[in-house]
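Geometric and topological summary
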Amino acid sequence: MRTPSARLLLTAAFLLMRQVMYSQDSIRYIDAATLLLTGKAKTTDSIYRRVDSVDAKGFPPAVKNLAKQSAGIAVLFETNSNIIRAKWTLPAEVYMHNMTPIAHSGLDLYCFQNGKWQFVSVAKPAKGTSQNQLIVQHMDGSMKQFMLYLPLYNGISQLQIGVQKDAVINKPAQPAINKTKRIVVYGSSVVQGASAGRPGMAYPAILQRRTGYDVINLGFSGSAKMEPELAAYIATVQADCYVLDCIPNPSPEQIRDRSHYFIKYIRGLRPNTPIVLVETVFRQNGLFDQQVGTTVRRQNEEIKKTYERLKQEGVKNIFYIESDKLIGNDHEATIDGIHLTDLGFMRIADAILPVIKKAMNEKK
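The text that follows walks through the structure, step by step, so that each part is easy to find. Worth saying up front: this structure is predicted, and the values here are computed from it rather than measured.

Rules and cut-offs
- For every chain, the first residue of the written sequence is number 1, and numbering continues from 1 along that sequence.
- For this predicted model, a pLDDT threshold of at least 70 governs which residues receive local features, and a threshold of 80 or more governs which side-chain atom pairs are given and counted, while totals over whole chains, interfaces and linings are taken from all residues.
- Excluding hydrogens and water, the side-chain figures rest on all heavy atoms present in the structure.
- Put simply, a nonpolar core is a bunch of buried Ala, Val, Leu, Ile, Met, Phe, Trp, Tyr and Cys residues held in one set by side-chain atoms that sit within 4.5 Å of each other.
- Classification of residues uses two cut-offs on accessible area relative to the type maximum, computed with a 1.4 Å probe and protein chains only: under 20% is buried, over 50% is exposed, and between them is partly exposed.
- Elements are defined by DSSP. Helices are runs of H or I of four residues or more, strands are runs of E of two residues or more, and each kind is numbered from the N terminus.
- Contacts are assigned to residue pairs with any non-hydrogen atoms lying within 4.5 Å of each other.
- In this scheme, strands are said to pair when DSSP sees at least two bridges between them.
- Ring pairs are drawn from Phe, Tyr and Trp, using the six-membered ring of Trp, whenever the two centres fall within 6.5 Å, and their geometry is named by plane angle: stacked under 30 degrees, edge-to-face over 60, tilted for the rest.
- In this analysis the charged atom, NZ for Lys or CZ for Arg, is taken to sit over a ring once it is within 6 Å of the ring centre and within 35 degrees of the ring normal.

Side note on the nonpolar core
Membership of the largest hydrophobic core comes to 50 residues, with the highest contact counts inside it found for Tyr203, Val243, Val276 and Ile348. No other element matches the nine residues that helix α9 (residues 342-359) contributes to this core. Contacts of Tyr203, omitting those with residues within four sequence positions, involve Val185, Val190, Val191, Val243, Asp245, Phe345, Ile348, Ala349 and Ile352.

Details of the pairing of strand β8 (residues 144-149)
The buried fraction of β8 is high, at six of six residues. Side chains Lys144, Phe146 and Leu148 project from β8 onto one buried face, and the interleaved Gln145, Met147 and Tyr149 project onto a second face that is buried too. In this structure, strand β3 (residues 74-79) lies alongside β8, joined through six bridges in antiparallel fashion. Bridge pairing in β8 places Thr79 opposite Lys144. Of the pairings in the sheet, the one linking strand β5 (residues 107-113) to β8 comprises five bridges and is antiparallel in character. Each bridged residue has a counterpart across the sheet, and for Cys111 the counterpart in β8 is Phe146.

Let's talk about the packing of aromatic side chains
Inspection of the entire model under this criterion finds nine aromatic pairs. Taking the centre distance of 5.7 Å and the plane angle of 75° together, the rings of Phe59 and Tyr233 count as edge-to-face. Of the two residues, Phe59 is situated in the loop between β2 (36-38) and α2 (61-66) and Tyr233 in helix α6 (residues 228-234); the sequence distance between them amounts to 174 residues. An angle of 25° between the planes, with centres 5.6 Å apart, marks the rings of Phe77 and Phe146 as stacked. Of this pair, Phe77 sits in strand β3 while Phe146 sits in strand β8, and the two are 69 residues apart along the sequence. For the residue pair Phe77 and Phe146, the accessibility class agrees, reading buried in each case. Here the aromatic residues Tyr110, Phe119 and Tyr149 are joined through ring pairs into a cluster of three or more. Between Lys87 and the ring centre of Tyr29, over which it is positioned, the NZ or CZ distance is 4.2 Å. A cation over an aromatic ring shows up here: Arg198 above the ring of Phe119, its NZ or CZ 3.8 Å from the ring centre.

Here it is in structure tokens:
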């Protein structure tokens, strides 16, 4: 004979199981590719990769592989569902010692309300490559516009967004991201998003939400070395402003030998588009490791020489941000002395945004 407490436990378990089954049965999924994508430079053969395989053909192998990842890509949609789920497929399981699984393989949801983007919740990846996760539930059922950021250091082959069966889900009638305005950011792991806590905290994503413009993340971790093939590609990407934050990866000698050609090539094809040059963020471990500190100083010296040369040559619409303006001086903005925390990303966005606005002749 079951005791009252045992009966209560069984009843609770049954009700919980029925609620879960009902929740799953009452959800319909739609292909995210039918909604509005932001953060893509061009159409690609695989929809959630950043650079088309044909365009990436001449890239260095590391860049070619990183171009498959979905950093900076987001899905815009509106729905009146009181629950949002997601199913997504990853090409591989990823382990990174300096990033959260949410950042490298998860999803990050924002809602546009009261004239600004507000964080909602995340989809946390589980073990394996096939994911099915709840993002948010118990919302009020009013129509809202959402933006779902994709993984920073992984790819996605399939993505479905789940809502209540009787709910509406569409492309936004009035997208809060203006895709006719575009900022292209080329750079290192700092641009790609290491080590943000979640995809929406990479600084190109912060710039996107603050400006309301389409921001293209061309961050290639450890591999933004200003090769001619990358200049040729970037110059084909239409932009209202180019941000070149690529000084952390090349050696001082590579900066000396490549940066002038790289910038002049882009300027040749885009004569009127402003270019913002960003010195390498100071590596905090360089305060103690003298070799690291010397390398960083020499990197910044070389790009400053290139900037001065370009100015002497009469190159217009070129702007420059020095390292000491980027992440503060309290030495608390990195996770490992190199890659930024969310605090670091907020600070670097604070530093770069006014220069972008000046470059684009906008009011603060």
